[in-house]
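Residues per chain are reported as follows:
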Amino acid sequence: DSGEGAVGWGDLKRACTQGRRAPVLPSALEKELEHKHFTNGKDDRPAVAELYAAGFKARFGAAEVLRYAGLGWGDDEAKAVAAVLAAGAAPKLRELNLAGNSIGDEG
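Described in the following lines is the structure provided in the data block. (Residues numbered from 1 in each chain as written. Predicted model: local features only at pLDDT ≥ 70, side-chain atom pairs only at ≥ 80, totals over all residues. Heavy atoms only, no water.)

1. Regarding the overall build of the protein
Right, on to step 1. Within the protein, the secondary structure is distributed over 4 helices and 2 strands.
Right, on to step 2. Each helix and strand of the protein, placed in order from N terminus to C terminus, yields the pattern α-α-α-β-α-β.
Right, on to step 3. For the protein, the residues scored as buried account for 21% of the 107 residues in total.
Right, on to step 4. Within the protein, counting contacts between residues at least 6 apart in sequence, those at least 24 apart form 80% of the total.
Right, on to step 5. When the accessible area of the protein is evaluated, it comes to approximately 7700 Å², of which 51% is carbon and sulfur surface. (Helix = DSSP H or I, 4+ residues; strand = E, 2+ residues; numbered from the N terminus. Buried < 20%, exposed > 50% of the residue type's maximum accessible area, 1.4 Å probe, protein only. Contact = heavy atoms within 4.5 Å. Areas by Shrake-Rupley, 256 points an atom, 1.4 Å probe, with all protein chains shown as cover.)

2. Some points on the side chain of Asn101
Right, on to step 1. Inspection of the secondary structure assignment puts Asn101 in the segment after strand 2 (95–97).
Right, on to step 2. Accessibility expressed as a relative area gives 16% for Asn101, which makes it buried.
Right, on to step 3. A distance of 2.8 Å separates a polar atom in the side chain of Asn101 from the backbone oxygen of Tyr68.
Right, on to step 4. Ignoring sequence-local partners within four residues, the contact set of Asn101 consists of Tyr68, Ala69, Gly70, Leu71, Gly72 and Trp73. (Polar contact = N/O pair within 3.5 Å; in protein donor to acceptor, adjacent residues only side chain to side chain.)

3. Description of the packing of aromatic side chains
Right, on to step 1. Summed over the entire model, instances satisfying the criterion amount to 3 aromatic pairs.
Right, on to step 2. On the basis of an interplanar angle of 35° and a centroid distance of 5.9 Å, the ring pair of Tyr52 and Phe56 is categorised as tilted. A residue pair is termed a helical-turn pair when its members lie 3 or 4 positions apart in one helix, as Tyr52 and Phe56 do in helix 3 (residues 41–62) at 4 residues.
Right, on to step 3. A ring pair is formed by Phe56 and Phe60, whose centres lie 4.5 Å apart and whose planes are at 25°; its orientation type is stacked. One end of the pair, Phe56, and the other, Phe60, are both in helix 3, 4 residues apart, so they sit about a helical turn from each other.
Right, on to step 4. Judged by its relative accessible area of 8%, Phe56 falls in the buried class. (Phe/Tyr/Trp six-rings, centres within 6.5 Å; stacked < 30°, edge-to-face > 60°.)

4. Details of helix 4 (residues 75–86)
Right, on to step 1. Taking 1.5 Å of rise per residue, the 12 residues of helix 4 would be expected to cover 16 Å, and the 16 Å separating its terminal C-alpha atoms lies within 8% of that figure.
Right, on to step 2. Where helix 4 is concerned, the buried positions are Ala78, Val81 and Val84. Buried positions in helix 4, seen along its axis, are confined to an arc of 120° and lie on one side of it. Away from its buried face by more than 90 degrees, helix 4 exposes Asp76 and Ala86.
Right, on to step 3. Taken from the residues just after helix 4, Gly88 is the one with a positive phi, measuring 80°. (Expected span 1.5 Å × (residues − 1). Arc of directions from axis to C-beta.)

5. Description of the environment of Glu77
Right, on to step 1. Inspection of the secondary structure assignment puts Glu77 in helix 4.
Right, on to step 2. Here the alpha-carbon distance between Glu77 and Ser102, two residues 25 residues apart in the chain, equals 9.9 Å.

6. As for the nonpolar core
Right, on to step 1. With 12 residues, the main nonpolar core is built from Ala22, Phe56, Phe60, Ala63, Leu66, Tyr68, Leu71, Trp73, Val81, Val84, Ala89 and Ala90.
Right, on to step 2. Apart from the residues lying within four places of it in its own chain, the contact partners of Ala89 are Phe56, Phe60, Gly61 and Val84.
Right, on to step 3. Counting 5 residues, the second-largest nonpolar core is a separate cluster that includes Leu29, Leu33, Phe38 and Ala49. (Core = buried A, V, L, I, M, F, W, Y, C linked by side-chain atoms within 4.5 Å.)

The structure is reproduced here in structure tokens:
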């Protein structure tokens, strides 16, 4: 049934990927957290930073393929990905897909 309110695959994909951020190094996230409010910032902020760093290291350390195609990213997001890769965060990476984004010469 393709009645009113039906959502196609393309619409669903756009809705799920819209606003997806580029990866952020743990050190950069830690700086971002300084500007976030936590109920118990003294204890929560370092815990969040530590959990993110551990997850980041595990995921990017094992990643062989990164697919960031069609996310509407521009130069800033491409620079963020480049910073992550330049930091050696993805030593096993074989494939990086940034197709379908709006990345220019600056990115």
